[in-house]
Each structure stands twice: as C-alpha cells, then as structure tokens.
Amino acid sequence: MAEVKDRILSASKNKKYNIRYADYLKTLWQTEKSRQHHRHLGNSKSSEDTAKIARLVMQNLVDYNVIIGITENYSDSLEILQHLMDPTGNVTEVFTEHGMRDQEGNFHTWSSNPSLVSSSAVMKEIKNDRETYGALMEHVKFEQMIYNFALALHKKQYEAVKKNLQSTLP
C-alpha cells in the first residue's frame, strides 16, 4: 500500500495526469499527431494538453459511434451487444452464461481473474489519507471526466436498446 501511495503522491508532485483511455480511444493519426507535439515539447503534458486529449477522446466516442460497455453495468452492456450481434435472440444463452440478465431478471456472476486485494479495499485505505486521496483525484480527473461521459452515453445506448426492444413486442 505504501508503494501505491508513493506513486500517487509522486505523480501529483510532478503534475502528471492519468489519461490511459486515450491509448485506445484515439485514432492512429491522432496518436501520431499527439506524439509529434509532445516530442516537440519534451514529452511533458500540461493540464491543458491533457484536457484537450480528454475532450478529443470524448468527441471520438460520439463521432465514431462507439458502443460503450461499462463493467459496473455488465449485464446492460451485454444486452446492448446482443441487440447488435444477435437481434433474433438465437444465441441468448451465450450472453446469459456470461452475465446478462435472463427473462426472470436473474444473472450469473463470475470472475475470471480474482485479485488478492480488491480495488474497493485499496480505495478505502486511500480515502483514509486526505493528502493521498486528494492527489489521486487530481491525478485521475481527466480519466474520470471521460468515464462519466462514457457512462452517460452507455445509459443512453441502453435506453435506446430497451425502447427498441419494447417497440417490437407483440
């Protein structure tokens, strides 16, 4: 735990922001343009640069019609995927076996890679240390902005799927 806290405080001290979503939510040309820009600046990313990247990622989610899956809403995410991949419901059991709610509202839970220490236990410990928690929130603020935007899109996508499914009922 001490190592985690040290990494958080070091990132905060060095004004580094976590923006890992950008690693896979930027196009290749956007990534190359960003790489050239930061090479010119000596690889440092200011808060302003990171905010621009976050806005670019959020715009990509819309512009490229990205289907959003949210781990915390896994069953809903699977319903969206089934609607797109299996609109006739021929392989519903594949989706329910992996965590989608069945007709009765029940769902199967499973974990393919359980951790020795849960993320909620780590967060509980970090929240007890005000300095570290504040540094963490600053460090991930752009990731949180992207997540919140993606979550709102996911909810809209899920509602659209539910509405579409209800309109096709006899």
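Everything here concerns the structure above.
Cut-off values and rules
- Residues numbered from 1 in each chain as written.
- Predicted model: local features only at pLDDT ≥ 70, side-chain atom pairs only at ≥ 80, totals over all residues.
- Heavy atoms only, no water.
- Phe/Tyr/Trp six-rings, centres within 6.5 Å; stacked < 30°, edge-to-face > 60°.
- Helix = DSSP H or I, 4+ residues; strand = E, 2+ residues; numbered from the N terminus.
- Buried < 20%, exposed > 50% of the residue type's maximum accessible area, 1.4 Å probe, protein only.
- Lys, Arg positive; Asp, Glu negative; His and termini not counted.
- Salt bridge = Lys/Arg side-chain N within 4 Å of Asp/Glu carboxyl O.
- Contact = heavy atoms within 4.5 Å.

**Description of the packing of aromatic side chains**
If you walk through the whole model with that rule in mind, you get 2 aromatic pairs. Ring geometry for tyrosine 17 versus phenylalanine 142: centroids 5.1 Å apart, planes at 75 degrees, classification edge-to-face. Taken as a pair, tyrosine 17 in the loop between α1 (2-13) and α2 (22-25) and phenylalanine 142 in helix α9 (residues 141-167) lie far apart in primary sequence, 125 residues in all. This pair shows no difference in class: tyrosine 17 is buried, exactly as phenylalanine 142 is. Measuring from ring centre to ring centre gives 6.3 Å for tyrosine 21 and tyrosine 24, while their planes differ by 85 degrees; the resulting arrangement is edge-to-face. Judged by relative accessible area, which is 24%, tyrosine 21 ranks as partly exposed. When its relative accessible area of 57% is taken as the criterion, tyrosine 24 is described as exposed.

**Quick word on the side chain of glutamate 143**
Mapped onto the fold, glutamate 143 is located in helix α9. Arginine 20 provides the closest opposite charge to the buried, salt-bridge-free glutamate 143, at an N-O distance of 6.7 Å. Not counting the four nearest positions on each side in its chain, glutamate 143 is found in contact with Asn18, Ile19, Arg20 and Tyr21.

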